[in-house]
Amino acid sequence: MKKLNYYFKKAIKNGFALGAFNFSNLETLVSICQAAEKANSPVMACVSEGAIKYMGIDFVVSMVKTAKKQYKAPIFLHLDHGQSFEMCALAVDKGFDSVMIDASALPFEENVKLTKRVVDYAHKKGVFVEGELGQIKGIEDELSNDENHFTNPLQAQQFVQKTGVDSLAVAIGTSHGAYKFNGEAKLRFDILSEIEAKLPSFPLVLHGASSVNQDFVNQINSLGGALGKPKGVDEKLTHVAITKHNVVKINIDTDLRMAFTAAVRSTLATNPQNFDPRKYLQAAKDNVQQVVEHKIKNLLNSKNMA
Ligand code: G3H
Ligand code: 13P
Ligand code: ZN
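Residues numbered from 1 in each chain as written. Chains lettered and ligands numbered in written order. Predicted model: local features only at pLDDT ≥ 70, side-chain atom pairs only at ≥ 80, totals over all residues. Heavy atoms only, no water.

Undergrad: Got a minute to help me understand the site of ligand 2 in this structure?
TA: The immediate surroundings of ligand 2 are formed by 15 residues, with Asp80, Lys180, Ser210, Asp253 and Thr254 found nearest. Aspartate 80 is positioned with one of its side-chain polar atoms (N or O) 2.6 Å from an oxygen atom of ligand 2. For ligand 2, whose free accessible area comes to 310 Å², the fraction covered by protein is 96%. Of all the elements in the fold, those that place two or more residues in the shell around ligand 2 are strand E3 (75-82) and strand E8 (247-252). (Near = heavy atom within 4 Å. Polar contact = N/O pair within 3.5 Å; in protein donor to acceptor, adjacent residues only side chain to side chain. Areas by Shrake-Rupley, 256 points an atom, 1.4 Å probe, with all protein chains shown as cover. Helix = DSSP H or I, 4+ residues; strand = E, 2+ residues; numbered from the N terminus.)

See below:
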């Protein structure tokens, strides 16, 4: 199987991005892989530390190992937001393809030091490393209106040179979770362009890229949910980041969670006599697969890029 840097280079050249989809259960992983195979697209299957705690790292590795054998699509196992050297080293040792060390909350020099330590360890074993600079804040965070949490382009250049990371997650206005914007959704493409001027053809990553489909929100709210008024990033904006910039990896978790939950609420509501989890989980799998297929085809442009 071709390595991740082959796809990052191809993505920059051809204006597509790899979907980096989070999973916390077998159903979601299978849906991601089936969608990737159907669309002949490379894909990154991502686990956060929380997801690892929930599933157990050996189950994660075994499931993805099986998926790689079973599906005719390049599937890369990635550690999302690794918080420590120890966590990243464990993922490397267990056979992950790629790890993210997220030391973005630390002062610049400490972020460099920790990230470089992970890079030195991972690269010896051929594992890719993503770093983060700037903070991907949400409306619930007090820093959300503060310019200083965006990635500083000059620091981005120094960070990449000093650490040797393979890709960099940048903060240009996206945030994690379902409540990203109070008013109009905006991304700082000016900052993205400045980063690209300092780091030509370097693979950039956009976290917090869920679009938060309002149909799912309405479905969940009308069937007993209480999500209020969540708001995501307009897919048109993310599409610009992919096709006109060097963003080669798009992180999506919330959209899959919404699709999953909407399907479970809906099947349980329409089949109150059912108590077989396979039935409502099948509906969840189908919904998640449809979302991943949609993202690959209409947002990521990664169809037939395997
Ligand atoms: O970036 C965060 C991902 O959505 C993972 O979230 O830590 O709740 O698994 P989690
Ligand atoms: P969303 O919450 O927008 O799906 O972002 C997920 C993410 O960035 C995972 O690292
Ligand atoms: Zn993230």
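Undergrad: Quick question: what am I supposed to make of the site of ligand 1 here?
TA: Around ligand 1, the surrounding shell consists of Asn22, Ser48, Asp80, His81, His176, Asp253 and Arg257. Histidine 81 is positioned with one of its side-chain polar atoms (N or O) 3.3 Å from an oxygen atom of ligand 1. For ligand 1, the protein covers 64% of the area, taking 300 Å² as the surface of the free molecule. Class assignment for the residues of the shell around ligand 1 results in no nonpolar, four polar and three charged. (Nonpolar A, V, L, I, M, F, W, Y, C, P; charged D, E, K, R; others polar.)

Undergrad: Would you mind going over the packing of aromatic side chains with me for this structure?
TA: The geometry of an aromatic ring pair is captured by the separation of the ring centres together with the interplanar angle, meaning the angle of the planes. The tally for this structure, following the rule as stated, stands at four aromatic pairs. Residues phenylalanine 85 and tyrosine 121 carry aromatic rings whose centres are separated by 5.6 Å and whose planes lie at 80 degrees to one another, so their mutual orientation is edge-to-face. Of this pair, phenylalanine 85 sits in helix H5 (residues 85-94) while tyrosine 121 is found in helix H6 (residues 108-124), placing the two residues 36 residues apart along the sequence. Connected via pairs of aromatic rings, a cluster forms that spans Tyr6, Tyr7 and Phe76. The ring of phenylalanine 85 carries arginine 117 above its face, with NZ or CZ at 3.7 Å from the centroid. The residue whose ring lies beneath arginine 188 is phenylalanine 150, and the NZ or CZ to ring-centre distance is 5.3 Å. (Phe/Tyr/Trp six-rings, centres within 6.5 Å; stacked < 30°, edge-to-face > 60°. Lys NZ or Arg CZ within 6 Å of the ring centre and 35° of its normal.)

Undergrad: Could you clarify how one ought to interpret the environment of cysteine 46 in this entry?
TA: Along the chain, the position of cysteine 46 falls in strand E2 (residues 43-48). The exposure class assigned to cysteine 46 is buried, which follows from its relative accessible area of 0%. Taking C-alpha positions, cysteine 46 is 15 Å from alanine 17, a pair spaced 29 residues apart along the chain. If near-sequence neighbours (up to four positions away) are discounted, cysteine 46 is found in contact with Ala20, Phe21, Asn22, Phe23, His78 and Asp80. (Buried < 20%, exposed > 50% of the residue type's maximum accessible area, 1.4 Å probe, protein only. Contact = heavy atoms within 4.5 Å.)

Undergrad: Got a minute to help me understand the coordination of the zinc ion (ligand 3) in this structure?
TA: In ideal tetrahedral geometry, four donors around a metal make angles of 109.5 degrees, whereas ideal octahedral geometry with six donors gives angles of 90 or 180 degrees. Coordination of the zinc ion (ligand 3) by the protein comes from His81 (NE2), His176 (NE2) and His207 (ND1), over a distance range of 2.0 to 2.1 Å. All donors to the zinc ion (ligand 3) come from one chain, and their sequence spacing reads H-x94-H-x30-H. With a gap of 126 residues between them, histidine 81 in strand E3 and histidine 207 in the loop between strand E7 (204-206) and helix H9 (214-222) connect regions that are remote in the sequence. Relative accessible area serves as the criterion here: at 14%, histidine 81 is assigned to the buried category. With relative accessibility at 1%, the residue histidine 207 sits in the buried group. (Donors = N, O, S within 2.8 Å, 3.2 Å for Na, K, Ca; no water.)

Undergrad: Whenever I open this one, the environment of phenylalanine 59 confuses me. Can you help?
TA: Note that phenylalanine 59 resides in helix H4 (residues 57-70). Exposure remark for phenylalanine 59: the relative accessible area of 60% places this residue in the exposed category. Sequence separation between phenylalanine 59 and asparagine 25 is 34 residues, and the spatial gap between their C-alpha atoms is 9.8 Å.

Undergrad: What am I meant to see in the nonpolar core here?
TA: One recurring pattern in soluble globular proteins is that nonpolar side chains are buried together. Of all hydrophobic cores here, the largest spans 91 residues; its most connected members are Phe23, Val47, Phe96, Val99, Leu168 and Ile250. For leucine 168, the residues in contact, after removing those within four places along its chain, are Gly131, Glu132, Leu133, Ala156, Phe159, Val160, Leu199, Phe202, Pro203, Leu204 and Val205. In terms of nonpolar packing, the next biggest core, distinct from the first, is built from 13 residues, Tyr7, Phe16, Cys46 and Val248 among them. (Core = buried A, V, L, I, M, F, W, Y, C linked by side-chain atoms within 4.5 Å.)

Undergrad: Please clarify how the packing of H4 against H5 should be interpreted in this entry.
TA: When two helices pack together, their arrangement is given by the angle between the helix axes and by the axis-to-axis distance. Between H4 and H5, whose axes approach to 11 Å, the crossing angle comes to 40 degrees. Relative to H5, H4 is oriented oblique. For the pair H4 and H5, the sense of crossing is right-handed. When H4 is examined against H5, the residues Ile57, Asp58 and Val61 are found in contact with a partner set consisting of Met87, Leu90, Ala91 and Lys94. Each residue belonging to the contact of H4 with H5 can be placed in one class, and the counts come to five nonpolar, no polar and two charged. (Axes fitted to C-alpha atoms, helices over the stretch in contact; angles between N-to-C directions. Parallel < 35°, antiparallel > 145°, perpendicular 65-115°, else oblique. Left-handed = near helix turned anticlockwise from the far one by under 90°.)

Undergrad: When you look at the pattern of salt bridges in this model, what are you seeing that I'm missing?
TA: If charged atoms from side chains of opposite charge come close, those side chains can pair. Tallying each qualifying case throughout the model produces twelve salt bridges. Two residues, aspartate 97 and lysine 68, come together in a salt bridge whose shortest N-O distance is 2.7 Å. Note that aspartate 97 is positioned in the loop between H5 and strand E4 (98-101) and lysine 68 in helix H4, a separation of 29 residues in sequence. Judged by relative accessible area, which is 18%, aspartate 97 ranks as buried. Across the pair aspartate 276 and arginine 278 runs a salt bridge whose closest N-O atoms are separated by 3.0 Å. For arginine 278, a relative accessible area of 65% translates into the label exposed. Within this structure, Glu235, Asp255 and Lys295 form a network of salt bridges that share partners. (Salt bridge = Lys/Arg side-chain N within 4 Å of Asp/Glu carboxyl O.)

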